[in-house]
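Here is how the chains run, residue by residue.
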Amino acid sequence: MGFPKDLSQERIVALITVAIFAMASVALPGFFSPDNLVAIVRSISVLGILALGMAVIIIGRGIDLSMVAIMAMSVAWYLQMLNDGMGEWRALALVLAGVLVIGLANGFLVAYAEVPAIFVTLASASFVFGLVRSQMIGSDAVPVPAGHWLGHLGGMRLADVPVEVYVFAALAFATFLFLRFTKWGRYVYYAGDNPAAARNIGMPVRPMMVLRYVLSALIAFVAGLLTAGSLQSMNTRVVNSTQLYDIVLVAVIGGIGLSGGKGGVRNVLIGAALIGILLNAMTILDIPLLYQNLIKSAILLIAIIVDGVLNPRDEQTAQQGDI
Amino acid sequence: MDPIIRMEKITKAYRGVPAVRDADFDLMPGEVHALLGENGAGKSTLTKMMAGAVAPTSGRMLFKGRETVFASPSQALDAGVAMVFQETSLVPSMTVAQNLYLGAEKPLNRLRGIYISAQQFLQSLNFPVDPAAMVETLGAAKKQMVEIARAVHHNAAVIIFDEPTATLTPEEKRHFFALIRRLKARGVSIVFISHALEEALAISDRITILRDGEIVASGPTSGFTRDSIIAAMVGRALSGQLYRERTEAGVRPAGRKILSVQDLSQGAMVRNTSFSIFEGQITGVFGLIGSGRTETFKVVAGITKRDFLRGGSVVLDGRPVRYIVPRTAVKDGIVYVTEDRKAEGFFETMSIAENLYSGLLASGHNRAWLVSRAEMAGLAADWSRRLNIRAINDNARVVELSGGNQQKVVIGKGLIQKPRLVIFDEPTRGVDVGAIAEIHELINRLADEGLAVVVISSYLPEVMNLSDRILVCRQGRIVEEFSPAEATETRIMYAAVH
């Protein structure tokens, strides 16, 4: 009795995070050092930024599987244009236009053509990858041109903390303000809870949906710039990696219900903290990558099951626009 | 004769709050037993315990004289207790015969074979249903017949109906009652949950009334009257106020014409319909299910689009309008209060305050970009008081409220938008008697304040009691208009059927 109400998923995950953190600090040498803590935060910054975009989409009862493709391919194309000698502003304008077009196309297909988001974004991910890889760039990895601002960005630190941590913090705060205090942010929750009711009461449900996919595409581009900055290149093989999976993992494990209308930035932060600490501890323990994936997938499964138990969706809800 | 089901001191509590408390209930073989009560009185919980869908917290149940605990609905079904739910549990993409034999197929399942035996079985029940028809193509009444046939096919000794007549037309209801009598003649015991008191009085042998989880009255139907049932349900006598006859003097005159609809068409459901709506009075719209009344007003409120070609015209305040989304209609002051509040009315995971606030956020009067928690709390307190919304606490989620309070929340979030034309679609469906009186009072008050009010209802006493003029919808168009003075139940019904 009382279990579902008093122990929300968010609290369970927060407790587990603290427990793992405490255990790792005691048991693992070097875990609780300032350098390692900064490394943890840095490692989850890009993931966390992507998860913020995914969270806004999921709260609105959608999903965006094209984020990693947009992140990698937009920046790869941008770097390629710079390497080919194009001017900074022209390249930036072109790539931003491309990102906007993909976001708009995703949003339009989901909102107006009413194609399930999971298929639209799966297809657009392949499309973006295929188009850019075959037509616009010459090799899998595109380096950041020497002397470019992105190259400096990667090495930049403020008070010993890498710059992407600040970007993550700023975006998290901005997303928090948007979801919590703006009218449009609240619309996301209403539309996620019951799209038909939101439409009837006079909310612009479909335009808002398009806006969310545009936002997630832009956030993916920002995450891509930070990735390229820290690695000095953009490797497009990341599209076929488990990164997309990690984004969903962070969002869902923090307690953002896949049935929509639930969760917020706090859930992303908790999810990111758990995943960051876990990955770092596993790396220190030298657990092979394959086993790491096994552990992550087990955690995602458990999170989705717990989500299903805590946020049951009845038949009627499930019938209206599932992901 | 021994009862087939006997429940002794049965209690079901959710998180310590009893939904049913110390109930003693018995059901005789071959008896039709009506279970009445306001929403949230515990009728559904009580029957779900009989059918194994809910486990009792304490107390015991005897089935055919032996103490029994059903672990699941399928176990209850095997033992002979079947429950027919309001939302049917049939598989829409399968045929009637396949549904009948669902879960009971032989290892080698010959379709032709089951069609033949299904045909014979349906004929033996006198059900005019084609066994080869897809379930999704059937109407509500025929779907229910299939459900019932499935229950009988499982040799159910007890069939529980949860609000079986809510979605049926009068014609279908007559068929349904005939069926109940036939089942009874076969010795089947029937439990019948209903909001329609006349039906319970007409069809049942015994009536049990629940209030707040307790059985407050039980006895042979002959010992009850409409008034005594209502008094027992609400614990006070108010039936005199509800559905009283309309007096000539109380009829409000038509104000300014706010809406005029000419030759409106939309799909197959709305065909060349024309009518006008006036301020300061209640226009009642009566029609059977499938007559296109809801569809007509959904076009008016911008929820669906009228036909692009030959769609007719809608004129609001002398200005032609063609809404593509409800948003523009809301800005023009048209609010539609849905008949299906769960699917398209309220936000179920959210609190009462957030639900009410949605109306203000989305209204045309709200220019603010930021939301304010203080404003939301103030709004919620104000409107909860105005509409007398009762909840366990302020943070209660709407899904946890009773039907009447949910409906008040849905109405409230519409009224917050300061509409000039309010369309209530079945405003008291699935609402308890006490809340019906309050909602009717509210609707009357809105008209007195000068709003144009439309009330769509398939319940004749409601239409006749509320309306200052009555429109009758049939086959996609408004076919007749009555003043309250000339309207009688027979005349309205005569216009509504074809």
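How each quantity is defined
By convention here, each chain's residues receive numbers from 1 onward along its written sequence. Following the order in which they are written, the chains are lettered starting with A and the ligands numbered starting with 1. For a predicted model such as this one, the threshold for reporting local features is a pLDDT of at least 70, and the threshold for listing and counting side-chain atom pairs is 80 or more; totals across whole chains, interfaces and linings nevertheless cover every residue. UniProt positions are given in the numbering used here, feature names are shortened, and annotations may be inferred rather than shown by experiment. Going along the chain from the N terminus, every DSSP run of H or I of four or more residues is numbered as a helix, and every run of E of two or more is numbered as a strand. For the radius of gyration, the atoms used are the C-alpha atoms, and the globule rule reads 2.2 Å times the number of residues raised to 0.38. Partly exposed residues are those whose C-beta has more than 12 but fewer than 20 other C-beta atoms within 10 Å; with 20 or more the residue is buried, with 12 or fewer it is exposed, and the C-beta atoms are placed from the backbone. For the purpose of contact definition, each residue receives a C-beta atom placed from its backbone, and two residues are in contact when these atoms lie within 7 Å. Segment limits for the domains were obtained from an automatic or database-derived domain assignment. Pairing between two strands is assigned when DSSP locates at least 2 bridges connecting them. Only C-alpha atoms enter the line fits that serve as axes; for helices the fit covers just the stretch in contact. Angles between N-to-C directions range over 0 to 180 degrees. Side-chain classes follow a simple rule in which Ala, Val, Leu, Ile, Met, Phe, Trp, Tyr, Cys and Pro form the nonpolar group, Asp, Glu, Lys and Arg form the charged group, and the remainder, Gly included, forms the polar group. The length a helix should cover is 1.5 Å for every residue beyond the first. Joined through C-beta atoms within 7 Å, a set of buried Ala, Val, Leu, Ile, Met, Phe, Trp, Tyr and Cys residues constitutes a nonpolar core. With respect to orientation, any angle under 35 degrees is reported as roughly parallel, any angle over 145 as roughly antiparallel, any angle of 65 to 115 as roughly perpendicular, and every other angle as oblique. Here a crossing is taken to be left-handed if its near helix is turned anticlockwise relative to the far helix by less than a right angle, and right-handed if that turn runs clockwise.

- Chain B goes by Sugar ABC transporter ATP-binding protein in an unreviewed UniProt entry, where it is assigned to Paenirhodobacter populi.
- You can read under Subcellular location (unreviewed entry) in the UniProt record for chain B the words "Cell membrane".

### Structural notes on the overall build of chain B
- Helix and strand content of chain B: 17 helices and 20 strands.
- Taking 23 Å as the expected radius of gyration for a compact globule of 498 residues, we find that chain B reaches 24 Å, a close match to that expectation.
- Each principal axis of the C-alpha atoms in chain B carries an extent, and together these give about 70 × 50 × 50 Å.
- In chain B, which comprises 498 residues, the share counted as buried stands at 48%.
- Across chain B, every contact between residues at least 6 apart in sequence was considered, and the portion connecting residues at least 24 apart equals 70%.

### What to know about the environment of Leu361 of chain B
- Inspection of the secondary structure assignment puts Leu361 of chain B in helix H12 (residues 352-362).
- Separated by 10 residues in sequence, Leu361 of chain B and Val371 of chain B place their C-alpha atoms 8.0 Å apart.
- Residues within four places of Leu361 of chain B in sequence aside, it is in contact with Lys183 and Arg186 of chain A together with Asn366 and Val371 of chain B.

### Regarding the domain arrangement of chain B
- Considered domain by domain, chain B is made up of domain 1 (5-234) and domain 2 (248-496).
- A C-alpha centroid distance of 33 Å is found between domain 1 of chain B and domain 2 of chain B.

### Focus: the sheet that holds strand E6 (residues 81-84) of chain B
All names here are of chain B.
- Judged by pairing direction, the sheet is mixed, and its six strands sit side by side in the order E6-E7-E8-E3-E9-E10 without closing on themselves. The two strands at the open ends of the sheet, each matched to only one other strand, are E6 and strand E10 (214-220). Neighbour-to-neighbour, the strand axes of this sheet turn through a mean angle of 15°, independent of strand direction.
- Where strand E3 (residues 32-37) lies against strand E8 (residues 189-193), four bridges are found, and the strand directions are parallel. When the bridges of E8 are listed, His33 appears paired with Val191.
- Its contacts with the sheet place helix H6 (residues 170-185) against E3, strand E7 (158-162) and E8, and it is angled at close to 150° to E8.

### Considering the sheet that holds strand E11 (residues 257-266) of chain B
Residue and element names in this part refer to chain B.
- Strand order in the open sheet made by the four strands is E12-E11-E14-E15, with antiparallel pairing throughout. One side of each edge strand has no neighbouring strand; the edge strands of this open sheet are strand E12 (270-278) and strand E15 (319-321). Put simply, the sheet's adjacent strands are angled 20° from each other on average, direction ignored.
- Where E11 lies against E12, six bridges are found, and the strand directions are antiparallel. When the bridges of E12 are listed, Lys257 appears paired with Phe278.

### Re the interface of chain A and chain B
- Between chain A and chain B, the contact holds 20 residues from the first and 27 residues from the second.
- Going through the elements one at a time, helix H9 (183-193) and helix H10 (195-200) of chain A are the ones with two or more residues in the side of chain A that touches chain B.
- When grouped by side-chain class, the residues that make up the side of chain A that touches chain B number eight nonpolar, seven polar and five charged.

### Considering the environment of Ser216 of chain A
- With respect to the helices and strands, Ser216 of chain A occurs in helix H11 (residues 205-231).
- Residues contacting Ser216 of chain A, with those up to four places away along its chain left out, are Gly53, Met54, Val56, Ile57, Asp64, Met67 and Gly103 of chain A.

### Comments concerning helix H13 (residues 265-284) of chain A
Residue and element names in this part refer to chain A.
- Under the 1.5 Å per step criterion, the end-to-end length of H13 is 28 Å for 20 residues, consistent within 8% with the ideal 28 Å.
- Counting buried positions along H13 yields 15 of 20 residues, so the element is predominantly enclosed.
- Positive phi appears at Asp286, one or two residues downstream of H13, with a value of about 65°.

### Let's talk about the nonpolar core
- Of all hydrophobic cores here, the largest spans 246 residues; its most connected members are Leu50, Ala51, Ile70 and Ala251 of chain A together with Ile159 of chain B.
- Ranked by residue count, the leading element in this core is helix H3 (residues 34-59) of chain A, at 15 residues.
- In this structure Ile159 of chain B touches Ala82, Val84, Ile148, Ala151, Leu183, Val188 and Ile190 of chain B, once residues within four positions along its chain are discounted.

### Here we look at the pairing of strand E13 (residues 282-287) of chain B
Residues and elements named next belong to chain B.
- Burial analysis of E13 places six of its six residues in the buried class, the great majority of the element.
- Relative to strand E18 (residues 452-457), E13 is paired through five bridges, and the arrangement is parallel. Looking across to E18, one finds that Val285 is bridged to Ile456.
- As paired strands, E13 and strand E19 (residues 469-474) are joined by five bridges and run parallel to one another. Bridge pairing links Val285 to Leu471 in E19.

### Focus on the pairing of E10 of chain B
Residue and element names in this part refer to chain B.
- With six bridges connecting them, strand E9 (residues 206-211) and E10 associate as antiparallel partners. Across the sheet, the residue bridging to Leu210 is Ile215, located in E10.
- Counting the residues between successive antiparallel strands, the hairpin from E9 to E10 contains two residues, one of them, Asp212, with a positive phi of roughly 50°.

### As for the environment of Lys413 of chain B
- Examined against the element boundaries, Lys413 of chain B turns out to sit in helix H14 (residues 403-415).
- Judged by C-beta crowding, with 30 C-beta atoms within 10 Å, Lys413 of chain B ranks as buried.
- In this structure, the C-alpha to C-alpha distance between Lys413 of chain B and Leu360 of chain B, residues 53 residues apart in sequence, is 7.4 Å.
- Non-local contacts of Lys413 of chain B, meaning those with residues more than four positions away in its chain, are made with Ile201 of chain A together with Asn355, Leu356, Ser358 and Gly359 of chain B.

### With respect to the packing of helix H5 (residues 88-111) of chain A against helix H6 (residues 117-136) of chain A
All names here are of chain A.
- Axis separation between H5 and H6 bottoms out at 9 Å; the angle between their running directions is 155°. If you check the angle between H5 and H6, you find them roughly antiparallel. The handedness of the crossing between H5 and H6 comes out as right-handed. Counted together, Ile102, Ala105, Asn106, Leu109 and Val110 of H5 and Ala117, Val120, Thr121, Ser124 and Val128 of H6 form the full contact between these two elements.
- Taken together, the residues that form the contact of H5 with H6 break down as seven nonpolar, three polar and no charged.

### Thoughts on the packing of helix H4 (residues 67-83) of chain A against H11 of chain A
Residues and elements named next belong to chain A.
- Remark: H4 packs on H11, axes separated minimally by 8 Å, with the N-to-C direction vectors making an angle of 55°. By the angle class used here, H4 and H11 are oblique. In this structure, H4 crosses over H11, and the sense of that crossing is right-handed. Contacts between H4 and H11 involve Met67, Ile70, Met71, Ala72, Ser74, Val75 and Leu79 from the first element and Ser216, Ala217, Ala220, Phe221, Ala223, Gly224, Leu225 and Ala228 from the second.
- Among the residues making up the contact of H4 with H11, the classes are represented as 12 nonpolar, three polar and no charged.

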